[in-house]
Amino acid sequence: GGSSSAGSRQARRDAPFKTSFLSDNRYQVHFTSTGMPYTSCRSPRVSRARDDNRDGDNRPRPASSRPASAPVHKAGEVPPYLAARKASLQRAADERARLASAPQPPPGMRFVPAWERDEAKRRLRGAVERLTAEFGRLPLGREATHAHRV
């Protein structure tokens, strides 16, 4: 009976490995040469993306750098943003040409901008009001100058 108990002990020691998840390897666990476990399972996202492509589904995927709502450029046509840029450059060139043909002031003089004219008018009005108030405080009467002679 001793031999059967030794054989059963050996069977019990090996049994967990034979009946464990490693026996059918459905979890795809492998071991390195040093005994470290690793798996060859892929991320569900990667698997899903590969499965989508395996279906033979050839629908166009939107480019990540360009939003799906962006207009598609037609060959032989100028894109609207380039046409708008060209128009703005033309307006700027026209404005420069108009300013170049404008009359020039005589040497030593300059045109005064509107904001500078308004500032000068405001200062002059203040000076006139101040001087008028001072003039009103002067002691002037109606008596004639010959009445002061004695």
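Note that the structure is predicted; figures quoted are calculated from it, not measured.

Conventions and cut-offs
Residues numbered from 1 in each chain as written. Predicted model: local features only at pLDDT ≥ 70, side-chain atom pairs only at ≥ 80, totals over all residues. Heavy atoms only, no water. Helix = DSSP H or I, 4+ residues; strand = E, 2+ residues; numbered from the N terminus. Buried < 20%, exposed > 50% of the residue type's maximum accessible area, 1.4 Å probe, protein only. Contact = heavy atoms within 4.5 Å. Areas by Shrake-Rupley, 256 points an atom, 1.4 Å probe, with all protein chains shown as cover. Patch = residues over 30% accessible without salt bridge, like charges linked within 9 Å, V, L, I, M, F, W, Y side chains within 5 Å. Salt bridge = Lys/Arg side-chain N within 4 Å of Asp/Glu carboxyl O. pLDDT = per-residue confidence, 0-100.

Here the focus is the overall build of the protein. Assigned secondary structure in the protein consists of five helices and two strands. Ordered by position from N to C terminus, the α and β elements of the protein give α-α-β-β-α-α-α. Counting all 150 residues of the protein, 2% fall into the buried class. Once local pairs closer than 6 in sequence are excluded, the contacts in the protein between residues at least 24 apart make up 0%. For the protein, the computed accessible surface area is about 14300 Å², with 58% contributed by carbon and sulfur atoms.

The grouping of Val78, Tyr81 and Leu82 at the surface amounts to a nonpolar patch, some 340 Å² of accessible area in total. Topologically, valine 78 is positioned in the loop between helix H3 (44-54) and helix H4 (80-100).

Evaluation of the coordinates by the stated rule reveals four salt bridges. Of the charged contacts in the structure, one is a salt bridge between arginine 110 and glutamate 116, with a shortest N-O distance of 2.6 Å. The salt bridge involving arginine 122 is made with glutamate 119; its shortest N-O contact spans 2.5 Å. With arginine 122 and glutamate 119 both in helix H5 (residues 114-136), this residue pair falls three residues apart, about one helical turn.

Attention now moves to the confidence of the model for the protein. Across the protein, pLDDT averages 75, with 57% of residues at or above 70. Across the protein, H5 holds the top mean pLDDT of 95, while helix H1 (residues 2-19) sits lowest at 53.

A few words now on the environment of valine 29. Within the element layout of this structure, valine 29 appears in strand S1 (residues 29-31). Distance from valine 29 to threonine 39, taken between C-alpha atoms, is 4.6 Å for residues 10 residues apart in sequence.

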